[in-house]
Amino acid sequence: MTVQQYDGIGEAFEGFKSLPLMRYGEVPSFLGMVGEVKGRSVLDLACGTGFYSREFKRRGAAEVVGVDISVEMVAAARDIERREPLDVRYEVGDVAELRSFERRFDLALGVQCLNYAGSVETMERMCRNIHRSLVPGGEFFVLAQKPDYGFDCGSLETYGFRCEPTGEETGTGPQVRVTALLEPQPISIVTTAPRREVYEECLRAAGFGAVEWVPLRISEAGIRAYGEDFWADLLAHPPLEMLRCRA
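Being a predicted model, the structure only gives us computed values, none of them experimental.

Regarding the sheet that holds strand S9 (residues 209-215)
Part 1 of the argument: In space, the seven strands of this open sheet follow the order S3-S2-S1-S4-S5-S10-S9, with mixed pairing throughout. Here the strands that pair on one side only, and so sit at the sheet edges, are strand S3 (89-92) and S9. The mean inter-strand angle of the sheet, taken between neighbouring strand axes irrespective of direction, is 15 degrees.
Part 2 of the argument: Across the face of the sheet, helix H4 (residues 71-83) comes into contact with strand S2 (63-68) and S3 while running at roughly 165 degrees to S3.

Focus on the packing of helix H5 (residues 120-132) against helix H6 (residues 196-205)
Part 1 of the argument: Between H5 and H6, whose axes approach to 8 Å, the crossing angle comes to 45 degrees. The angle between H5 and H6 places the two elements in the oblique class. Considering the relative orientation of H5 and H6, their crossing is right-handed. Between H5 and H6, the contacting residues are Val120, Met123, Glu124, Cys127 and Arg128 on the first element and Val198, Tyr199, Cys202, Leu203 and Ala205 on the second.
Part 2 of the argument: Its residues assigned to classes, the contact of H5 with H6 comprises eight nonpolar, no polar and two charged.

Digging into the pattern of salt bridges
Part 1 of the argument: Within this structure, the stated rule accounts for 18 salt bridges.
Part 2 of the argument: Residue Arg244 is joined to Glu139 by a salt bridge in which the shortest nitrogen-to-oxygen separation is 3.0 Å. On the criterion of sequence distance, the pair formed by Arg244 in strand S10 (residues 240-246) and Glu139 in strand S5 (residues 134-145) is long-range, its members being 105 residues apart.
Part 3 of the argument: Take Arg244: its relative accessible area is 23%, and that puts it in the partly exposed class.
Part 4 of the argument: Overall, the relative accessible area of 9% leaves Glu139 in the buried class.
Part 5 of the argument: Here Glu200 makes a salt bridge to Arg204, at a shortest N to O gap of 3.9 Å.

Parameters at a glance
Residues numbered from 1 in each chain as written. Predicted model: local features only at pLDDT ≥ 70, side-chain atom pairs only at ≥ 80, totals over all residues. Heavy atoms only, no water. Pairing = 2+ DSSP bridges. Helix = DSSP H or I, 4+ residues; strand = E, 2+ residues; numbered from the N terminus. Axes fitted to C-alpha atoms, helices over the stretch in contact; angles between N-to-C directions. Contact = heavy atoms within 4.5 Å. Parallel < 35°, antiparallel > 145°, perpendicular 65-115°, else oblique. Left-handed = near helix turned anticlockwise from the far one by under 90°. Nonpolar A, V, L, I, M, F, W, Y, C, P; charged D, E, K, R; others polar. Salt bridge = Lys/Arg side-chain N within 4 Å of Asp/Glu carboxyl O. Buried < 20%, exposed > 50% of the residue type's maximum accessible area, 1.4 Å probe, protein only.

Set out below in structure tokens:
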């Protein structure tokens, strides 16, 4: 994965969250898994333009710091912060080389983060850096491509995305091209779908325990908006999965 593919997107990345899969699947599922954050400190890794950073600050987090490897993504996040101040701090940083912070955080978020590790060694280093950044007992929440996704959701484009294997393998799993079907211009990103055991082994090697996989769900708002039948294929072949673990 190159940083440049994100540098070229900027604030247009915000549009991802308006697509049906994101709006009614990813976002409510991830917020529901993380749960109550009032008074807690949050480290948002691979924060992009700061969508979750802002959302958890609005939900009462005492402190939120967003980190992203892309200079342009961080610039877009800071621009949004200037327009709508929430006291969220953003900085450019590589999770594989994450700096030591002045204090440890209660929670860490990794939405589409670990799946950009090009090797098992890099993912383990990322996990160790995240573990070091958390208080004892702090939680780490992950969302990424489903590790064993079979690319068999025939109607995925109906939910706003196209997901296809590139035919190449990285050290952690198959490489995947994900296209968000935004108007007027779709946006494609190349990432990986690390194997399930890679996630689990790297997290445990870094000191995390209580590793639990959490399935994607569709919100009640999504059912009301589209009906149950609309979501049947997505739920039968979900392209995303979450996990949680504890330092």
